[in-house]
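Analysis of the macromolecular model
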Amino acid sequence: IFWDVRVRERSIFQKNLLKDSLFLFTFFTPLILQLSLLYVPVLSGVFHIARISAPQLGAIILLSSVLPVTSEIRKYVLHHETSH
């Protein structure tokens, strides 16, 4: 959701997100922490978290990508409607 809000009007391909340190921090920190909880044995043991399989991780990534993809489609359609 943060990704969509951060680049609401322009496509993510038009904005250089790699120069936005706030975006990089807020996007990658939770991602790294979540993967650490899953795959670092000490952390997963402390929190009693079971590992997930590659197909399960793939399903999570696929479902998580629905919002950014539909948002980009919306921006594309709106841009082409207003340019005509």
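Further remarks concern the packing of helix α4 (residues 54-64) against helix α5 (residues 66-82). Relative orientation of the contacting elements α4 and α5 amounts to 30°, with a least axis distance of 4 Å. By the angle class used here, α4 and α5 are roughly parallel. Across from L62, L63 and S64 in α4, the residues of α5 making contact are V66, L67 and P68. Here the residues of the contact of α4 with α5 sort into five nonpolar, one polar and no charged.

Time to look at the packing of aromatic side chains. The geometry of an aromatic ring pair is captured by two quantities: the separation of the ring centres and the angle between the planes. Summed over the entire model, instances satisfying the criterion amount to one aromatic pair. Aromatic side chains F27 and F28 sit 4.8 Å apart centroid to centroid with 90° between the ring planes, which places their arrangement in the edge-to-face category. Classification of F27 by relative accessible area gives partly exposed; the value is 32%. Its relative accessible area of 36% is what places F28 among the partly exposed residues.

Any two side chains of opposite charge can pair if their charged atoms end up close together. Per the counting criterion, the structure on display carries one salt bridge. One salt bridge connects E72 with K75, and the closest N-O pair in it is separated by 3.2 Å. Residue E72 and its partner K75 are located together in helix α5, separated by three residues, close to a single helical turn. In this pair, the class of E72 matches that of K75, namely buried.

About the cut-offs
- Residues numbered from 1 in each chain as written.
- Predicted model: local features only at pLDDT ≥ 70, side-chain atom pairs only at ≥ 80, totals over all residues.
- Heavy atoms only, no water.
- Axes fitted to C-alpha atoms, helices over the stretch in contact; angles between N-to-C directions.
- Helix = DSSP H or I, 4+ residues; strand = E, 2+ residues; numbered from the N terminus.
- Parallel < 35°, antiparallel > 145°, perpendicular 65-115°, else oblique.
- Contact = heavy atoms within 4.5 Å.
- Nonpolar A, V, L, I, M, F, W, Y, C, P; charged D, E, K, R; others polar.
- Phe/Tyr/Trp six-rings, centres within 6.5 Å; stacked < 30°, edge-to-face > 60°.
- Buried < 20%, exposed > 50% of the residue type's maximum accessible area, 1.4 Å probe, protein only.
- Salt bridge = Lys/Arg side-chain N within 4 Å of Asp/Glu carboxyl O.

Just geometry here; none of it tells us what the structure is for.
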